[in-house]
Amino acid sequence: MPSDTLALVSPRERLVFSVKWGASAVQIMGYTATGFGWTPWNLYLFLVGVVGWFAVGALWNDKALMLVHLVALGAMIAGMASG
């Protein structure tokens, strides 16, 4: 039964699942906002998505995932501060 399967998932796994899919949905909204020229909302959405995926990397202890999103976050902040 599906409810039995959910009972076997730890609270940490549920957190990772929620953050991962939430961050993905927000990043997709960021791409959509970029496509429609909705600036600066696209940047704000991307910031939330990047921070969410960094958190997933931290929860998974995945240094590559953390690095790529930390670099993306730094580049986005530097770009926003200069413009």
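In this text the structure is predicted, and so the values were computed from the model without any measurement. (Residues numbered from 1 in each chain as written. Predicted model: local features only at pLDDT ≥ 70, side-chain atom pairs only at ≥ 80, totals over all residues. Heavy atoms only, no water.)

## Here's the deal with the overall build of the protein chain
The test is simple: In this text, helices come from DSSP runs of H or I with a minimum length of four residues, and strands from runs of E with a minimum of two, each type numbered from the N-terminal end. For the radius of gyration, the atom set is restricted to C-alpha positions; the globular benchmark scales as 2.2 Å times the number of residues to the power 0.38. Summary of the burial criterion: residues with accessible area below 20% of their type's maximum are buried, those above 50% are exposed, and those between are partly exposed, where the area comes from a 1.4 Å probe applied to protein chains only.
On a plain count of helices and strands, the protein chain comes out with four helices and zero strands. For the protein chain, the α and β elements follow one another from N to C terminus as α-α-α-α. Relative to its length of 83 residues, the protein chain is extended, with a C-alpha radius of gyration of 15 Å against a globular reference of 12 Å. For the protein chain, the C-alpha atoms occupy an extent of roughly 50 × 30 × 15 Å along the three principal directions. Burial statistics for the protein chain: of 83 residues in total, 23% are counted as buried.

## Points about helix α3 (residues 41-60)
Note the cut-off: Given a helix with a known number of residues, its expected span is that number minus one, times 1.5 Å. Throughout, a contact is declared for two residues whenever any of their heavy atoms are within 4.5 Å.
Taking 1.5 Å as the rise per residue, α3 with 20 residues should run 28 Å; its terminal C-alpha atoms sit 29 Å apart, in good agreement. Along α3, the positions that sit buried rather than exposed are N42, F46, L47, G49, V50, G52, W53, V56 and G57. On its buried face, α3 is in contact with α2 (11-35) and α4 (63-82). A positive phi of about 55 degrees marks N61, the residue just after α3.

## What about the packing of α2 against α3?
Condition: Only the contacting stretch of a helix is used when fitting its axis, a line to C-alpha atoms as for every element, and angles between N-to-C directions run 0 to 180 degrees. Angle categories are assigned with fixed cut-offs, so that under 35 degrees is roughly parallel, over 145 is roughly antiparallel, 65 to 115 is roughly perpendicular, and the rest are oblique. A crossing counts as left-handed when the near helix is turned anticlockwise from the far one by less than a right angle, and as right-handed when that turn is clockwise. For this classification, Asp, Glu, Lys and Arg are treated as charged, while Ala, Val, Leu, Ile, Met, Phe, Trp, Tyr, Cys and Pro are nonpolar and the rest, including Gly, are polar.
The geometry of α2 relative to α3 is characterised by a closest axis approach of 8 Å and an angle of 155 degrees between their N-to-C directions. One way to sum up the angle between α2 and α3 is to call them roughly antiparallel. In this structure, the crossing between α2 and α3 has a hand that is left-handed. Of the residues belonging to the contact of α2 with α3, the class tally is 17 nonpolar, seven polar and two charged.

The analysis is restricted to geometry; functional conclusions fall outside its scope.
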